[in-house]
Amino acid sequence: MAHTALQGNPVSLNGELPAVGSSAPDFTLVDKDLADRTLADFAGKKKLLNIVPSLDTPVCATSTKTFNAAMAGKTDAVALVISADLPFAMGRFCGAEGIDTVISLSMMRSRNFARDYGVLIEDGPLAGITARAVVVLDADNKVLYTQLVPEITEEPDYEAALAKL
């Protein structure tokens, strides 16, 4: 079981991020149109999974904007921001912030993604949503890079994640 922190207080997660070199667990998440999306929907592309607690926080917003800018013009890769936010709220945020390259996906129907990727927070005030993490997959869904951000209120290592794309 992995751990992270929220403002210095330890937070327990349900498991561990997928190991580098392993096959990424498939998922079913909900897009802005309330359609189910799976890894197969992004077949043949590298994938950057920006896993965040909620887009309604400054750090989550910043990471999404940063990855959005970095992905502009990339045709062989896709960035997905994944949270427990409802698709409607994610859509409003993306529209207001001009997010046009990152695809927002919600766990509104199930927490299986968070469980399977080892990022489900099990205790503390954020129990039931995700820790902050980044997972990069190759075009065949092999894990190339992972980062569990040690303090939820801190930004991920953008350069390291983007270098793997």
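No experiment lies behind these values; they were computed from the predicted model shown. (Residues numbered from 1 in each chain as written. Predicted model: local features only at pLDDT ≥ 70, side-chain atom pairs only at ≥ 80, totals over all residues. Heavy atoms only, no water.)

## Describing the overall build of the protein
The line we're drawing: Here a strand is any run of E in DSSP of at least two residues, a helix any run of H or I of at least four, and the numbering for each starts at the N terminus. Based on C-alpha atoms, the radius of gyration is set beside the globule rule, defined as 2.2 Å times the residue count to the power 0.38. Relative accessibility under 20% of the residue-type maximum defines a buried residue, over 50% an exposed one, and the middle range a partly exposed one, all with a 1.4 Å probe and only protein chains included. Only the protein chains shown count as covering a residue, and every accessible area follows the Shrake-Rupley method with a 1.4 Å probe. We score Asp and Glu as negative and Lys and Arg as positive, and we do not count His or the chain ends. For the purpose of locating charges, the reference atoms are NZ of Lys, CZ of Arg, CG of Asp and CD of Glu.
Broken down by element type, the protein carries four helices and nine strands. Helices and strands appear in the protein in the N-to-C order β-β-β-β-β-α-β-α-β-α-β-β-α. Since a compact globule built from 165 residues should have a radius of gyration of about 15 Å, the 14 Å found for the protein is in line with a globular shape. If one aligns the C-alpha atoms of the protein with their principal axes, the spans along those axes are about 40 × 35 × 30 Å. Across the 165 residues in the protein, those meeting the buried criterion constitute 50%. As presented, the protein carries roughly 7,300 Å² of accessible surface, and 51% of it is formed by carbon and sulfur atoms. Distance between charge centroids for the protein: 5 Å, based on 14 positive and 21 negative side chains.

## Topic: the nonpolar core
The condition is simple: For this analysis, a nonpolar core means a set of buried residues of the types Ala, Val, Leu, Ile, Met, Phe, Trp, Tyr and Cys, connected via side-chain atoms within 4.5 Å. The criterion used for residue contact is that any of the two residues' heavy atoms lie within 4.5 Å.
Core analysis: the biggest nonpolar cluster contains 24 residues, and F27, L49, L80, I82, F113, Y117 and V135 have the highest contact counts within it. Listed by contribution, the elements that provide at least two residues to this core are β5 (46–51), β6 (77–83), α3 (112–116) and β8 (133–137). Excluding its chain neighbours within four sequence positions, the residues that come into contact with L80 are F27, F42, L48, L49, N50, V102, I103 and L105. Counting 21 residues, the second largest nonpolar core, distinct from the first, contains A61, F67, M71 and Y145.

## Thoughts on the UniProt feature "active site" (unreviewed entry) in the protein
Basically, it comes down to this: UniProt positions are given in the numbering used here, feature names are shortened, and annotations may be inferred rather than shown by experiment.
Under the present numbering, the feature "active site" (unreviewed entry) in UniProt falls on C60. Along the chain, C60 turns up in helix α1 (residues 58–71). Residue classification places C60 among the buried residues on the basis of a relative accessible area of 0%.

## Overview of the side chain of S12
Note the following rule: We call two N or O atoms a polar contact when they sit within 3.5 Å, provided that within protein one can donate a hydrogen and the other can accept it, with sequence-adjacent residues counted only if both atoms are side-chain atoms.
In this structure, S12 sits in strand β2 (residues 9–12). Look at S12 and you get buried, because its relative accessible area is 14%. Polar side-chain contacts of S12 include one of 3.4 Å to the side chain of H3. Here S12 is in contact with M1, A2, H3, L120, I121, E122 and D123, once residues within four sequence places are set aside.

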